Structures are given as C-alpha cells and as structure tokens.
Amino acid sequence: MKEMLQAMRDAALAAIRQAGDMEALEALRVRYLGKKGELTAVLKQMGRLSAQERPVIGQLANQIRAQVEAELDSRRAALADALLEARLKEEALDVTIPGQAPALGKKHVITTVLDEVTDIFVGMGFTIEDGPEIELTTYDFDRLNIPENHTVREWTDTFYISRDEKVHLRCQTSPVQVRVMDKTRPPIRILSPGRVYRKDEIDATHSPMFHQIEGLVVDRGITMGDLKGILNTLMQKLYGPDTVTRFRPHHFPFTEPSCEMDVQCFECRGKGCRVCKGEGWIEILGAGMVHPWVLEMSGIDPAEYSGFAFGVGLERLVMRRFNISDMRLLYENDVRFLDQF
Ligand code: DAH
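1. Overview of the packing of helix α5 (residues 109–123) against helix α8 (residues 224–239)
Two quantities define a packed helix pair, namely the angle between the axes and the distance from one axis to the other.
1) Next: Remark: α5 packs on α8, axes separated minimally by 10 Å, with the N-to-C direction vectors making an angle of 135°. As far as their axial angle goes, α8 and α5 are oblique. Along this stretch, α5 crosses α8, giving a crossing that reads as right-handed. Contact residues: Glu116, Val117, Ile120 and Phe121 in α5; Ile230, Leu234, Lys237 and Leu238 in α8.
2) Next: Split by residue class, the contact of α5 with α8 holds six nonpolar, no polar and two charged.

What follows is the structure, encoded as structure tokens:
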C-alpha cells in the first residue's frame, strides 16, 4: 500500500508540474484530492490494514496530501504569474514609438501681420481698443465732421441697418477715435484694428469687407513730426530699415492738415514698374492732425491738446509684405495658398 501511495504521489506531482493552465490544475486537484479522488480511494482501504500499519500509512497519506496541496499552490502561483506577464506584454504601451502628428492649423496671414503691427505699437506704449462693427451714424460720420452731403453717406456706399440711417455697418475704424475720446482724457495713445464694410464690387483690390487699423494719439504738444516718426517706425519695422516713405497732402474731414503716406516701390526703388504701376511709390495709408472740431466735440480743448490719427488698410499691408497681387486670395481659404506664409 505504501508503494501504491508513493507511486500515486509521484504521478500527481509530475502531472501538476506540467499542468498548462488553471483548468488542468483544478482537474488534477479533483482527480487526486477530491472526495472521489485517488487518495481518498486508497484511504478507504485502510480497514484492511493491521493495527501497526494503519498509523504509518495514515501519516504517509497526510504527508502526501500536504505535498500535493503545496505543489498545487505553487503551480497555481506560477501559472498566475505567467498569465499576468503575458497580459502585461500584450497591453504594453511603447512610448518610444513616434506618434502620428495631427495636421495643425496656423495663423491666417492677415492675423500674422496684424499681430506684428500690434506688437510694434504696444512696444511704443499704445493700448488696443475695440469698437463695434454695427456703428451709430453719429460716431462714424457726424462726430468725424463728415458733411451731410458726403457720398459716403449714400445708400449706394454704405450698408445701412436702419431706415432712418441712424445705424450702419461702419465703413472705417475712425469712429473708435470718437468713442475713446468720449470716455478718456489725454494722454491718449490707442490702436484699434477691426473689420469695416463698404458697398464695393469684389475685384483684385476691393472687397465689401476688409480690415483697417486705426491709430490715435492726443496729448499736449503733439505735432506732425510725431505722426511722421511713428509711421516711419512702423514701415521700417514691417518692411525693413531702408524703407523710404513720403507724405503727400490730402483731405479728410476729421483731420487738418491731412496727408497720405506712400512707400517707395520695393520692386523698382522708385523708378516705376509693373508693381507700382509706373508710379515709383505705393499708397499705404491716410493720416493727419486731428481736426480741432473733432477734439472739441469730445470735450477736449484744442487750445491745450493736439493729436494725430491714421487709418491703414490691413489687407494692403499684407499684400505689400508678401507680394500678393490679388486680395481675393486672402478670403478664399485655400490652404495650399495660405500654407505658404
Ligand atoms: N478713415 C480713413 C479711410 O477709411 C482713413 C483715415 C485717414 C483715418 C486719416 C484716419 C485719418 O484716422 O486721420 O479712408
């Protein structure tokens, strides 16, 4: 009987060590240690043994049960480890594999140039002001000294919103000057970029919606020299230190005197070519000394204070900067075009 038990033990231990998974292991447990298992079957025959043999065999049987149980436990632990190991391997994340870069958008070229311009002015102590695109006629025309009979007030030029002509889509950023002068006292030094609207047919240089950047400085002793200094600085920072400008007399109702600023053509250096249409110069912006009446209407005493203002078309700056000849390209949102800048 002893030999039988030992043979059974050896077989059981060998089988357990080779069990490939948990189910196989459980089957072995049932086969050897279960109620109807082989060890139980042997023990049932104990009755046939002599009184001396019984305790010896009993002890051996217990020993074998313990051995088999221990072997089951250790095999179970080994299998669990292997299972975990396999899962970890399978689910492992290799952080060294290069990722797939998502296609990133970028700034529109109009925004890029606007950011450059605002940076330049913020660097000179200007703050940025915002104004409404739906504007009161009072601010856009009356308070800017634009006469009753001026063509800009016609329905063919301006997008009116109310029949009584009191509200319209602003046709320039200049009304922000009035809004700022109404609520703040000098010294004033602001820049105000934004959209403006005009009833223009779309072509290579016109659009019914475009962007302007308005500038206004009001303080004691401001002169045309300040105007020229600031605008020359802007041009040199935008287009390079050797940029040449000129100021021509002009007329705007809200400035006196008024001027337009041209830059010398980059292409021909003033000789006249296709880019500047033979002129040698390219018109960039309108400017002037704030009209005393405009100051007065905002309650600023023109005897004490003076100021200068300017308004520049942002699209024009962009087109000059990157040699873009057709404004429509800026609005068509063709990524192949916009990606170049
Ligand atoms: N508002 C003018 C326009 O749209 C541009 C302009 C000219 C703005 C002279 C000014 C200025 O502030 O002083 O044509």
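Still more ground to cover, so stick around.
2. Re the sheet that holds strand β5 (residues 209–219)
1) Next: The strand order β1-β4-β5-β9-β8-β7-β6 describes an open sheet built from seven strands, whose pairing is mixed. Here the strands that pair on one side only, and so sit at the sheet edges, are β1 (127–128) and β6 (245–252).

3. Quick notes on the domain arrangement of the protein chain
Accessible area lost on assembly of the parts is the figure often given for the size of an interface.
1) Next: Under the domain assignment, the protein chain is made up of domain 1 (2–90) and domain 2 (109–338).
2) Next: On a C-alpha basis, the centroid separation for the pair domain 1 and domain 2 is 95 Å.

4. Some remarks on the pairing of strand β7 (residues 255–264)
1) Next: Burial analysis of β7 places eight of its ten residues in the buried class, which makes it a mostly covered element.
2) Next: Inspection of the sheet shows β6 paired to β7 by seven bridges, in the antiparallel sense. Paired with Phe252 across the bridge in β7 is Thr255.
3) Next: Adjacent in sequence and paired antiparallel, β6 and β7 are bridged by two residues.
4) Next: Two strands pair when backbone bridges link them, and β7 and strand β8 (residues 281–290) are joined in this way by eight bridges, in the antiparallel orientation. Its bridge partner being in β8, Thr255 is matched across the sheet by Val290.

5. Details of the pattern of salt bridges
1) Next: Taken as a whole, this structure holds 21 salt bridges when the rule is applied.
2) Next: The salt bridge involving Asp142 is made with Arg153; its shortest N-O contact spans 2.7 Å. Of this pair, Asp142 sits in the loop between α6 (137–140) and β3 (167–169) while Arg153 sits in the loop between α6 and β3, and the two are eleven residues apart along the sequence.
3) Next: Here Arg248 makes a salt bridge to Glu260, at a shortest N to O gap of 3.1 Å. Taken as a pair, Arg248 in strand β6 and Glu260 in strand β7 lie far apart in primary sequence, twelve residues in all.
4) Next: Through salt bridges that share partners, Arg246, Arg248, Glu260 and Asp262 make up one connected network.

Scoring rules and cut-offs
Residues numbered from 1 in each chain as written. Predicted model: local features only at pLDDT ≥ 70, side-chain atom pairs only at ≥ 80, totals over all residues. Heavy atoms only, no water. Axes fitted to C-alpha atoms, helices over the stretch in contact; angles between N-to-C directions. Helix = DSSP H or I, 4+ residues; strand = E, 2+ residues; numbered from the N terminus. Parallel < 35°, antiparallel > 145°, perpendicular 65-115°, else oblique. Left-handed = near helix turned anticlockwise from the far one by under 90°. Contact = heavy atoms within 4.5 Å. Nonpolar A, V, L, I, M, F, W, Y, C, P; charged D, E, K, R; others polar. Pairing = 2+ DSSP bridges. Domains from an automatic or database assignment. Buried < 20%, exposed > 50% of the residue type's maximum accessible area, 1.4 Å probe, protein only. Salt bridge = Lys/Arg side-chain N within 4 Å of Asp/Glu carboxyl O.

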